[in-house]
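# Summary of structural features
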Amino acid sequence: MILRSFFRWPVRSAMTCLGLGFAVSAVIAASFVHDALDNIVDVAFYQSNRQDAMLLFTDDVPETTIAEVRRLPGVLQAEPQQYLPAILRNGPLEKSLAIEARRPGTDLSRVIGADGSVSTAEPGGILLAERLASQLDLGIGDLVEVEFLSGRRETHEMVVTGLVEQYFGLGAYIDLGYLNEIFRQSPRMSVVNVTLDDNELDALHARLKDLPRLSGLIMMTDTRRSFQDTIRENVTVMNTVYIVIAVLITVGVAYNGARIQLSERARELASLRILGFSRGEVSYVLVGETMFLALVAQPVGWLLGAGIAQVMVNAFSSDLYAMPLILNPDIFARASLVVLAAALASALIVRRRLDNLNLVSVMKTRE
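Residues numbered from 1 in each chain as written. Predicted model: local features only at pLDDT ≥ 70, side-chain atom pairs only at ≥ 80, totals over all residues. Heavy atoms only, no water.

Attention now moves to the packing of aromatic side chains. Considering all chains together, one arrives at two aromatic pairs under this definition. Arranged with centres 4.9 Å apart and planes meeting at 75°, the rings of Phe148 and Phe183 form a pair that is edge-to-face. With a gap of 35 residues between them, Phe148 in strand S7 (residues 143-148) and Phe183 in the loop between helix H5 (176-182) and strand S10 (188-196) connect regions that are remote in the sequence. Here Phe148 matches Phe183 in class, with each residue buried. Ring centres of Trp302 and Phe332 lie 6.4 Å apart, and the angle between their planes is 80°; on these two criteria the pair is classed as edge-to-face. (Phe/Tyr/Trp six-rings, centres within 6.5 Å; stacked < 30°, edge-to-face > 60°. Helix = DSSP H or I, 4+ residues; strand = E, 2+ residues; numbered from the N terminus. Buried < 20%, exposed > 50% of the residue type's maximum accessible area, 1.4 Å probe, protein only.)

This is how it looks when you write it as structure tokens:
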């Protein structure tokens, strides 16, 4: 009886499956964002930038100053780094950004690709993020014009020695020794990355007040915590909204479909009761048809959800970040459970009407 109804009204069955599929896709579209942002945070704040704090100087200072930093209270590790504002040009294409220069083999601030591998800028060239290279139409081996906007304010041509896939920012990286070489200067730095002893933070803050060349201190632990709290709050709200939308879609489609089935097949169901079938057996026909359509809708919803997620990835891509497409199996399972549970609840609500079905009255009606 369930299959007969499914094939008797194929258009209605297909539209019901499509509606339930959209409900599944809504949950998938919301859930994948959580995993994607978790991946971005992990790579950007825990694999790439592992320092506890960053010491910023008003001007570039000699790299020998790092010895003074290492003597500060609570400093366990200290590594130099330099940020230089620059404009990268390739013909008519150009991009303004901050170039990062660091020593090879650094441990606190690293260039991490989307696959988790560590990349290093080779001396004599520049390492670019793939999205930046795409915007400038550059590939490995191409020359890019780099106009530095600080320091000597010179313009140099550099070879693109490597590309790295990144989800956070548009990175451009060069070797710190190579930078000092082209600027014809002794080793200099503008930032020191440090790890700290939490028990001596108060002493460190007090000592930093006596360093005139220091312009600021960025506590990366606080930045990570604030960023994660903001992301968690926004994602929770978004997931809640999408799940509510999915439940409303499911209830609307499944409940109305079950009501239509009950009104159209009331005579058949009443006949089964008269023939001696129990209420549970008769209910199986009504609930079973709704759940059968819900099950058929799951693969449709998975495909729609994956497609919507891909569209969202493309739409959310910007210079600040690119969202990775992460579709773990638990995302599909969670979406299916939400929709199937809502469909079952809707069918059971309609099923209660069978208990009050007047068999005599129903059998007198004409089909």
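This part takes up the confidence of the model for the protein chain. Averaged over every residue, the pLDDT of the protein chain is 80; the share at 70 or more is 84%. At the level of individual helices and strands, the protein chain shows its lowest average pLDDT in helix H10 (residues 359-364), which scores 47, and its highest in strand S9 (residues 172-175), which scores 92. (pLDDT = per-residue confidence, 0-100.)

Once that is clear, we can look at the nonpolar core. Ranked by internal contacts, the top residues of the largest apolar core, which has 26 residues, are Leu88, Ile99, Ile126 and Phe148. Looking at this core, the elements that each hand over two or more residues are strand S2 (75-90), strand S3 (93-102), strand S6 (125-129), helix H4 (130-135), S7, strand S8 (155-164), S9 and H5. Listed in part, the 22 residues of the second largest apolar core include Ile28, Val33, Val313 and Ala335. (Core = buried A, V, L, I, M, F, W, Y, C linked by side-chain atoms within 4.5 Å.)

A word on the layout of surface pockets. With a probe scaled to a water molecule rolled over the atoms, the places where space remains empty come into view. Of the pockets and cavities examined, the largest pocket occupies roughly 610 Å³. In terms of lining residues, the largest pocket is bounded by 32 residues, among which Asn49, Glu100, Phe168, Gly169 and Tyr173 are the most central. Those elements that place two or more of their residues in the lining of the largest pocket are helix H2 (10-48), S3, strand S4 (111-112) and helix H7 (220-274). Its residues placed into classes, the lining of the largest pocket shows 17 nonpolar, ten polar and five charged. (1 Å grid on protein atoms, 1.4 Å probe; cavity = no way out; pocket = protein on both sides within 12 Å on 5 of 7 lines; lining within 4 Å. Points joined across faces, edges and corners; volume = space filled by probe spheres on them. Nonpolar A, V, L, I, M, F, W, Y, C, P; charged D, E, K, R; others polar.)

Our next topic: the side chain of Arg102. Mapping Arg102 onto the fold places it in strand S3. With relative accessibility at 9%, the residue Arg102 sits in the buried group. Polar contacts involving the side chain of Arg102 include one to the side chain of Ser109, which spans 2.7 Å. Contacts of Arg102, omitting those with residues within four sequence positions, involve Gln81, Ser109, Arg110, Val111, Tyr173, Ile174, Asp175 and Leu176. (Polar contact = N/O pair within 3.5 Å; in protein donor to acceptor, adjacent residues only side chain to side chain. Contact = heavy atoms within 4.5 Å.)

Right, let's talk about H2 for a bit. The α-helix advances 3.6 residues per turn, and as a result positions three or four apart in sequence lie on the same side. With 39 residues, H2 ought to run about 57 Å at 1.5 Å a step, and its terminal C-alpha atoms sit 54 Å apart, in line with that. Along its length, H2 shows its largest kink, about 30°, at Asp42. (Expected span 1.5 Å × (residues − 1). Bend = angle between axes of the 7 residues up to and from the residue.)

Across all of its chains, the model carries eight salt bridges by this definition. Measuring nitrogen to oxygen at the nearest pair gives 2.4 Å for the salt bridge that ties Arg50 to Asp107. Remark: Asp107 occurs in the loop between S3 and S4 and Arg50 occurs in the loop between H2 and strand S1 (53-62); sequence separation between them is 57 residues. Overall, Arg50 belongs to the partly exposed group, its relative accessible area being 31%. By relative accessible area, which is 33% here, Asp107 ends up partly exposed. Residues Arg89 and Glu94 are paired through a salt bridge, measuring 3.0 Å at the closest nitrogen-oxygen approach. (Salt bridge = Lys/Arg side-chain N within 4 Å of Asp/Glu carboxyl O.)

It is worth spelling out a nonpolar patch on the surface at this point. On the surface, Val11, Met15, Leu18, Phe22 and Val300 cluster together into a nonpolar patch covering about 440 Å² of accessible area. Tracing the backbone shows Met15 in helix H2. Its relative accessible area of 53% is what places Met15 among the exposed residues. (Patch = residues over 30% accessible without salt bridge, like charges linked within 9 Å, V, L, I, M, F, W, Y side chains within 5 Å. Areas by Shrake-Rupley, 256 points an atom, 1.4 Å probe, with all protein chains shown as cover.)

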